[in-house]
Amino acid sequence: MNIKQIAKKAGVSVATVSRVLNHPENVAPDTKSKIERIMTEEGYTPNWFARGLNFNKTRTIGLMIPHILNPANMEIVKGVEDVAHQKDYITFMCNVENNVEKEKQYLESLIQRKVDGVVLISSHLDASLIEDTYDHGVPVVLIGENKDKPNIPGVRIDCCDAAYKAVKYLMEIGHTKIGILYGDTPRIENLRKVEGYKKALRDAGVSVNDNYIVKTTNDIEGGYIGGKKFAEMKNMPQAVFATSDSIAFGVIDAMKDNEIKIPEQISVMGFDDIKMSNLIEPKLTTVVKPHHKLGVVGARLLFDLMESVELDDREAIDKQRTTEILLEAKIKIRKSCKHTDRLQEMFPSK
């Protein structure tokens, strides 16, 4: 049964049925009840997508995910999805696999499908391309770092500062020879972490050893390969800082296969605090990145902006497009790092 048949059976106009669906507060209670009863009896389900097109809204948002196999990304996705569900919106999730061309294609497809807004996670797109979406009436919010700084709202952590805190902690518990194993993706965020790693060493008067800076793939296999490289060094580092928990898991496996004890012979620190980090042995000391909160805050920013676009509130839009929220990253201390006495003279309060 369609809306015309509902109207005929209720003895009202199609416009009245439409008002019941879209603006029920404008319909007399008795008429509203009669139409709703008929819809229930006939099992009528409105075509929400078609209705949305009529009102230039589809009640959908797009969500661009760097890689669906990265568990850290999925915690951000849950945060976005939780907010979208509360708002009665459907989320189109696109797995771009860290491929800029694929990301461009997905963004174009989402615009063509008339989504009401888009969330980008650690995007590879040029700032100009992201900003152009506003010409189509589609607001965009960025979660994480981008290679350019687009004029759009965003939420992130300071990856440089988070890495600085991680390396500083390793030095405070006595390590002077610290290696970093950083992932190839997301590129900008990991380069920021390398920057923070170097700054922490220099601020403590510790020389940066380029041999201790190793790039790998952002997964367990990459961590294993990098960890094996560290294990086979004649001057093996006393600690390894991995830029993701997945990489750290691989480092731990590599050390075990090389009969190097953690944390007795080498400390390992990760970055993310995904659920598995508390289940492996030894439990992983890691930087806590508030993934779910990043998703929630990013989605709320998007819905605020979508409302301003709908109202054509230019002043609010201009203000919101410059909004950037920084969330704090903290260190979760577990058993994969061991305190030594090597730097007591540098940190006498410890």
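Nothing here was measured: the structure is a model prediction, and the numbers come from that model. (Residues numbered from 1 in each chain as written. Predicted model: local features only at pLDDT ≥ 70, side-chain atom pairs only at ≥ 80, totals over all residues. Heavy atoms only, no water.)

1. Concerning empty space enclosed by the protein
Counted under the stated rule, the structure contains 1 cavity of 30 Å³ or more. Within this model, the largest cavity holds a volume of roughly 50 Å³. Lining the largest cavity, in full, are Ile76, Ile121, Ser122, Ile143, Gly144, Arg156, Ile157, Cys159, Glu189, Lys289 and Leu294. Tallied by class, residues from the lining of the largest cavity come to 6 nonpolar, 2 polar and 3 charged. (1 Å grid on protein atoms, 1.4 Å probe; cavity = no way out; pocket = protein on both sides within 12 Å on 5 of 7 lines; lining within 4 Å. Points joined across faces, edges and corners; volume = space filled by probe spheres on them. Nonpolar A, V, L, I, M, F, W, Y, C, P; charged D, E, K, R; others polar.)

2. Topic: the layout of surface pockets
Unfilled space is identified by rolling a water-sized probe across the atoms. For the second largest pocket, the calculated volume is near 390 Å³. What lines the second largest pocket is a set of 26 residues, and nearest its centre among them are Asn70, Asn73, Thr185, Pro186 and Asn218. Listed by contribution, the elements that provide at least two residues to the lining of the second largest pocket are α5 (71–86) and α9 (187–203). Among the residues forming the lining of the second largest pocket, the class breakdown is 7 nonpolar, 13 polar and 6 charged. (Helix = DSSP H or I, 4+ residues; strand = E, 2+ residues; numbered from the N terminus.)

3. Some details on the environment of His291
Structurally, the position occupied by His291 is in helix α12 (residues 291–311). On the accessibility criterion, His291 (2% relative accessible area) is buried. Separated by 17 residues in the primary sequence, His291 and Ile274 have C-alpha atoms spaced 8.9 Å apart. With residues up to four places along the chain from it excluded, the contact list for His291 reads Ala72, Glu75, Ile76 and Asp272. (Buried < 20%, exposed > 50% of the residue type's maximum accessible area, 1.4 Å probe, protein only. Contact = heavy atoms within 4.5 Å.)

4. Describing the pattern of salt bridges
Summed over all chains, the structure comprises 16 salt bridges. Ionic pairing is found between Lys78 and Asp82, a salt bridge with its closest N-O pair at 3.0 Å. Pair noted here: Lys78 and Asp82 are both in helix α5, with a separation of 4 residues, about one helical turn. In this structure Lys78 comes out as partly exposed when scored by relative accessible area, which is 47%. With a relative accessible area of 25%, Asp82 lands in the partly exposed category. Notably, a salt bridge pairs Lys102 with Glu97, separated by 2.9 Å at the nearest N-O pair. Glu97 sits in the partly exposed class, given a relative accessible area of 40%. By sharing partners, the salt bridges in this structure join Glu145, Arg156, Arg192 and Glu324 into a single network. (Salt bridge = Lys/Arg side-chain N within 4 Å of Asp/Glu carboxyl O.)

5. Some words on the packing of helix α1 (residues 3–10) against helix α3 (residues 29–42)
Packing of α1 against α3 leaves a shortest axis separation of 10 Å and a crossing angle of 125°. With respect to α3, the axis of α1 lies oblique. When you trace α1 past α3, the crossing you get is right-handed. Along its contact with α1, which presents Ile6, Lys9 and Ala10, the element α3 presents Lys34, Ile35, Ile38, Met39 and Glu42. Considering only residue class, the contact of α1 with α3 consists of 5 nonpolar, no polar and 3 charged. (Axes fitted to C-alpha atoms, helices over the stretch in contact; angles between N-to-C directions. Parallel < 35°, antiparallel > 145°, perpendicular 65-115°, else oblique. Left-handed = near helix turned anticlockwise from the far one by under 90°.)

6. Thoughts on unusual backbone geometry
Here Ile262 and Pro263 are connected by a cis peptide whose omega angle stands at 10°. Its place among the elements puts Pro263 in the loop between α11 (245–257) and β9 (267–272). Residue Pro282 follows Glu281 across a cis peptide bond; omega there is -5°. A positive phi angle, near 55°, is found at Asn98, a position not held by glycine. You can call Asn98 partly exposed: its relative accessible area is 23%.

7. Some thoughts on the sheet that holds strand β11 (residues 324–327)
Backbone-to-backbone hydrogen bonds pair the strands of a sheet. The strands run either parallel or antiparallel. Spatially, the 6 strands line up as an open sheet ordered β2-β1-β3-β4-β5-β11, and their pairing is parallel. Of all the strands in the sheet, the pair left with one neighbour each is β2 (90–95) and β11. Going across the sheet, the axis of each strand differs from the next one's by a mean of 15°, ignoring polarity. In this sheet, strand β3 (residues 117–121) lies alongside strand β1 (residues 60–65) in parallel orientation, the contact comprising 4 bridges. Bridge pairing in β3 places Met64 opposite Leu120. (Pairing = 2+ DSSP bridges.)

8. Some remarks on the packing of aromatic side chains
We describe a pair of aromatic rings using the distance from one ring centre to the other and the angle between the two ring planes. Applying the stated criterion across every chain yields a total of 2 aromatic pairs. On the basis of an interplanar angle of 85° and a centroid distance of 4.9 Å, the ring pair of Tyr89 and Phe303 is categorised as edge-to-face. Placement of Tyr89 in the loop between α5 and β2 and of Phe303 in helix α12 is noted, with a sequence separation of 214 residues between them. Residue Tyr89 is classed as buried on the basis of its relative accessible area of 7%. Taking the relative accessible area as the measure of exposure, Phe303 reaches 8% and is therefore buried. Measuring from ring centre to ring centre gives 6.3 Å for Phe241 and Phe271, while their planes differ by 50°; the resulting arrangement is tilted. In this pair, Phe241 sits in strand β8 (residues 239–242) while Phe271 sits in strand β9, placing the two residues 30 residues apart along the sequence. Accessibility assignment for this pair places Phe241 and Phe271 in one class, buried. Geometry around Phe271 places Lys193 over its ring, the cationic atom sitting 3.9 Å from the centre. (Phe/Tyr/Trp six-rings, centres within 6.5 Å; stacked < 30°, edge-to-face > 60°. Lys NZ or Arg CZ within 6 Å of the ring centre and 35° of its normal.)

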